[in-house]
Every structure is written in C-alpha cells, then in structure tokens.
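# What the coordinates show
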Amino acid sequence: MIEYAELVVLIGAPLYIVAIILYSYRLLMGPTIPDMVLAADSLSYDLAVFLMALAIYHRTPFLIAPPIMLALWVYLLDVYVSKYLVTREVGV
C-alpha cells in the first residue's frame with residue numbers, strides 16, 4: 001500500500017504541477033465565465049486529491065481534514081455560481 005502512495009507522490013507530483021499551470025492559465029485567460037469556474041473547480045479538486053495522497057504517504061490522519069473541507073468549499077462555490085448564472089442573483 002505504501003509503495004503505491006510513494007509512486008503516486010513521486011510520479012504524480014510533476015503531473016499535478018503541469019495541471020496546476022494549465023488550470024491557472026485557463027482561470028486567468030479563460031474566454032468565458034463558465035470556463036473560468038470549471039478551471040477553478042478542477043484546480044481545487046486536483047489539489048484536494050494530491051493532499052489526500054500526501055496524507056497517505058506521510059501516514060497521518062491530521063492531513064485528511066483540509067482536503068475534505070476544500071472539496072466541500074468548491075462544491076459550495078459550484079452551487080452559488082450555477083445559481084447566479086441561472087437566476088442572476090446570489091443568495092439562498
């Protein structure tokens with residue numbers, strides 16, 4: 001199990017860095033608002049997955065809570081942005 005975590009961290013880290021660069025470019029230079037929102041979502045979810053892999057690699061349960069909270073915040077962002085794009089008002 002630990003060998004797989006080391007493999008994910010060692011091989012996956014450069015891939016995540018490339019993905020972060022591409023998502024950041026799309027977030028800053030995206031042609032439309034939905035493209036920018038999708039880039040922010042992808043960036044946040046990839047960061048949460050990478051933080052989970054680091055938590056498994058370091059064998060500590062303390063690193064598991066922040067990625068879960070990050071994923072929940074991104075989901076909340078999706079709900080608010082989609083509601084704004086549909087009704088043009090923010091709130092409940």
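Above this text you will find the structure in question.
Scope of this entry: the structure provided in the associated data block. The structure presented is a predicted model; accordingly, all values stated were derived computationally and were not measured. (Residues numbered from 1 in each chain as written. Predicted model: local features only at pLDDT ≥ 70, side-chain atom pairs only at ≥ 80, totals over all residues. Heavy atoms only, no water.)

Now for the packing of helix H2 (residues 33-58) against helix H3 (residues 65-87). Between H2 and H3, the shortest axis-to-axis distance is 9 Å and the interhelical angle comes to 170 degrees. Considered as vectors, H2 and H3 are oriented roughly antiparallel to each other. At the point where H2 passes H3, the crossing takes the left-handed sense. Contacts from Ile33, Pro34, Val37, Asp41, Ser44, Tyr45, Leu47, Ala48, Leu51 and Met52 of H2 reach H3 at Pro67, Ile68, Leu70, Ala71, Val74, Tyr75, Leu77, Asp78, Val81 and Leu85. (Axes fitted to C-alpha atoms, helices over the stretch in contact; angles between N-to-C directions. Helix = DSSP H or I, 4+ residues; strand = E, 2+ residues; numbered from the N terminus. Parallel < 35°, antiparallel > 145°, perpendicular 65-115°, else oblique. Left-handed = near helix turned anticlockwise from the far one by under 90°. Contact = heavy atoms within 4.5 Å.)

Tallying each qualifying case throughout the model produces 1 aromatic pair. Considering the side-chain rings of Tyr16 and Phe50, the 5.1 Å spacing of their centres and the 50 degrees angle between planes classify their relative orientation as tilted. Taken together, the positions of Tyr16 in helix H1 (residues 2-29) and Phe50 in helix H2 put the pair 34 residues apart, joining distant regions of the chain. (Phe/Tyr/Trp six-rings, centres within 6.5 Å; stacked < 30°, edge-to-face > 60°.)

Next up on the list: H3. With 23 residues, H3 extends 33 Å from end C-alpha to end C-alpha; this agrees with the ideal 33 Å at 1.5 Å per step. When we look at burial in H3, the residues that qualify are Pro67, Val74 and Val81. Of the surrounding elements, those touching the buried residues of H3 are H2. Of the residues one or two after H3, Arg88 is the one with positive phi, at around 60 degrees. (Expected span 1.5 Å × (residues − 1). Buried < 20%, exposed > 50% of the residue type's maximum accessible area, 1.4 Å probe, protein only.)

On to the side chain of Ser44, then. Mapped onto the elements of the fold, Ser44 is located in helix H2. A relative accessible area of 18% means that Ser44 is categorised as buried. Beyond its immediate sequence surroundings of up to four residues, Ser44 is in contact with Leu70 and Val74.

The values are spatial; any link to function lies outside them.
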